[in-house]
Amino acid sequence: MSLAELLAATSHAHHEAFVVTNGEDPEWPLWYAQYLQPRLQSDHGIEVTVSDLVHVLVQADRDHAGGAWTEFYAQRIREAVS
């Protein structure tokens, strides 16, 4: 599974976890980071802390101007850990 596909799967899992609120979660970066961190390590060999990942996700969210968000976020994660 590519990093973009993992992000899409994470989005789906988050929406399912927050179905009662229609996916609304003001702390979504923390949820995503906690979900992604072990999968990034095991599936992609990416060593990153949850707090660093939260920072990357928040900054990517601020910088993203539209379009394919999964590829944009994947690139930001790659840049942050290289």
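Parameters at a glance
Residues numbered from 1 in each chain as written. Predicted model: local features only at pLDDT ≥ 70, side-chain atom pairs only at ≥ 80, totals over all residues. Heavy atoms only, no water. Helix = DSSP H or I, 4+ residues; strand = E, 2+ residues; numbered from the N terminus. Rg over C-alpha atoms; globule rule 2.2 N^0.38 Å. Axes fitted to C-alpha atoms, helices over the stretch in contact; angles between N-to-C directions. Parallel < 35°, antiparallel > 145°, perpendicular 65-115°, else oblique. Left-handed = near helix turned anticlockwise from the far one by under 90°. Contact = heavy atoms within 4.5 Å. Nonpolar A, V, L, I, M, F, W, Y, C, P; charged D, E, K, R; others polar. Phe/Tyr/Trp six-rings, centres within 6.5 Å; stacked < 30°, edge-to-face > 60°. Buried < 20%, exposed > 50% of the residue type's maximum accessible area, 1.4 Å probe, protein only. Lys NZ or Arg CZ within 6 Å of the ring centre and 35° of its normal.

Enquirer: Quick question: what am I supposed to make of the overall build of the chain here?
Expert: Regarding its fold elements, the chain presents four helices and zero strands. Listing each helix as α and each strand as β along the chain from the N terminus yields α-α-α-α. Rg of the C-alpha trace for the chain: 12 Å, near the compact-globule value of 12 Å for 82 residues, within the 12% margin. Overall, the C-alpha framework of the chain stretches about 35 × 30 × 25 Å when taken along its three principal axes.

Enquirer: How should I be thinking about the packing of helix H1 (residues 3–17) against helix H2 (residues 28–44) in this particular structure?
Expert: In a pair of packed helices, the angle between the axes and the distance between the axes together describe the arrangement. Two elements in contact, H1 and H2, have axes separated by 10 Å at closest approach and are oriented at 140 degrees. Accordingly, the angle class assigned to the pair H1 and H2 is oblique. For the crossing formed where H1 meets H2, the hand is right-handed. Where H1 abuts H2, its residues Leu3, Leu6, Leu7, Thr10, Ser11, Ala13, His14 and Ala17 lie against Trp28, Trp31, Tyr32, Tyr35, Leu36, Arg39, Leu40 and His44. When the residues that make up the contact of H1 with H2 are grouped by side-chain class, the tally is eleven nonpolar, four polar and one charged.

Enquirer: Explain the packing of aromatic side chains to me, please; I cannot follow it from the model alone.
Expert: In the structure shown here, the tally under the stated rule is six aromatic pairs. Between the aromatic rings of phenylalanine 18 and tryptophan 31, the centroid separation amounts to 6.5 Å while the plane-to-plane angle is 80 degrees, which identifies the pairing as edge-to-face. Of the two residues, phenylalanine 18 is situated in the loop between H1 and H2 and tryptophan 31 in helix H2; the sequence distance between them amounts to 13 residues. By relative accessible area, phenylalanine 18 is classed as partly exposed at 22%. Summarising the aromatic geometry, the rings of tryptophan 28 and tyrosine 32 are spaced 5.2 Å apart at their centres and angled 80 degrees between planes, so their arrangement reads as edge-to-face. Here the residue tryptophan 28 and the residue tyrosine 32 both occupy positions in helix H2, the gap between them amounting to four residues, near one helical turn. For the pair tryptophan 28 and tyrosine 32, a shared accessibility class is recorded, and that class is buried. Ring pairs connect the aromatic residues Phe18, Trp28, Trp31, Tyr32 and Tyr35, which therefore count as one cluster. Taking NZ or CZ as reference, arginine 39 lies 3.7 Å from the ring centre of tyrosine 35, over its face.

These results come straight from atomic positions and should not be treated as a statement about function.
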